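# Commentary on secondary and tertiary structure
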Amino acid sequence: EREIGKGTFGKVYKLVREEFGETYDAALKVIQVPRDQSEYEAITNDGMDEQSVTEYFRDIVEDIVKEFALMSKLKGNSHIVSYEDHAVIPHEDSIDWDILIRMELLTPMLNYVSEHQLSQRAIVKMGIDICKALELCQRNNIIHRDIKPENMFVSAMGDYKLGDFGIARTIDKTSGGLSKKGTYTYMAPEVYREDSYGSSVDIYSLGIVMYRLLNYNRAPFLPSPPSPITHNDRETAIVRRISGEKLPMPANAEGRLAEIVLKACAYLPRDRYSSPLMM
């Protein structure tokens, strides 16, 4: 029906199906590999032959297909975006693939927050719902690694859900440390430093999401509203957080809620909650 979102790898559309007078909604994630002609040319300009280029892009497709496997494993949990099915369609006349993923239709949390002033109670519910999603991830030895509002969604019933497992990897593949993926604003210090890490990095990122929502949507160490934020402010705030400086209390939380959020965001993994269930 229409485009409803756009990300690094592709676009998301709203699907509508009508059958026997009933209407069914869904979301369709569409990914093209390579993304465009310039990406193809950038690879061929590195001096790779056609077979090497084909293998290069096939590896990317295989990585994306791993997301289907993760989503399928987590299917049926009320706090994980529900994966329905997918198709991988190679082009016969070129080195291109179309990847289609059908999922439940939800409201992106960023859109929801822009239209609804979240109360403390709502922020607590969001934290609990995402903890339940992370519990399932932990049970399946999955680290999401990119917990942020852009990867959270809200159902028509007001439940919060975790989606986009595009850079998630199982814990047994992370023992030697992983590449620096994720989003700096919400990234745990040990990921930023490219040290080895465990599932508490997701708890840390959820803590930072909650911190922002309780702090006029500003990350730790940024100037308070109505002061503007400069690029230098953002860089300095990340450096202060990553270097281990103690986080100030979020502006709109106190007592037990502030304690929970700050513990989730503890600099050292051993000082955080040991599991989403504990949080």
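Residues numbered from 1 in each chain as written. Predicted model: local features only at pLDDT ≥ 70, side-chain atom pairs only at ≥ 80, totals over all residues. Heavy atoms only, no water.

The tendency in soluble globular proteins is for nonpolar side chains to be buried side by side. In this structure, V33, M126, F165, L206 and M279 are the most contacted members of the largest nonpolar core, which totals 70 residues. Leave out the neighbours within four places in its chain, and M279 touches C131, I203, L206, M210, I260, A264 and Y273. (Core = buried A, V, L, I, M, F, W, Y, C linked by side-chain atoms within 4.5 Å. Buried < 20%, exposed > 50% of the residue type's maximum accessible area, 1.4 Å probe, protein only. Contact = heavy atoms within 4.5 Å.)

In this section: unusual backbone geometry. The peptide bond linking V33 to P34 adopts the cis configuration, its omega dihedral lying at -10°. For P34, the location among the structural elements is in the loop between strand 3 (22–33) and helix 1 (37–44). Cis geometry marks the peptide bond from P225 to P226, where omega comes out at 5°. Looking at the secondary structure, you find P226 in the loop between helix 6 (200–213) and helix 7 (231–242). (Helix = DSSP H or I, 4+ residues; strand = E, 2+ residues; numbered from the N terminus.)

What follows is about the pairing of strand 5 (residues 97–103). Among the seven residues that make up strand 5, five are buried, leaving the element largely enclosed by the rest of the structure. Bridge count between strand 3 and strand 5: seven bridges; the pairing is antiparallel. Across the sheet, the residue bridging to Q32 is D98, located in strand 5. Bridge count for strand 4 (residues 83–90) against strand 5 is seven bridges, and the pairing is antiparallel. Bridge assignment links I89 to a residue of strand 5, and that residue is D98. Between strand 4 and strand 5, which pair antiparallel in sequence order, lie six residues. (Pairing = 2+ DSSP bridges.)

Function cannot be read off these values alone, since they describe shape.
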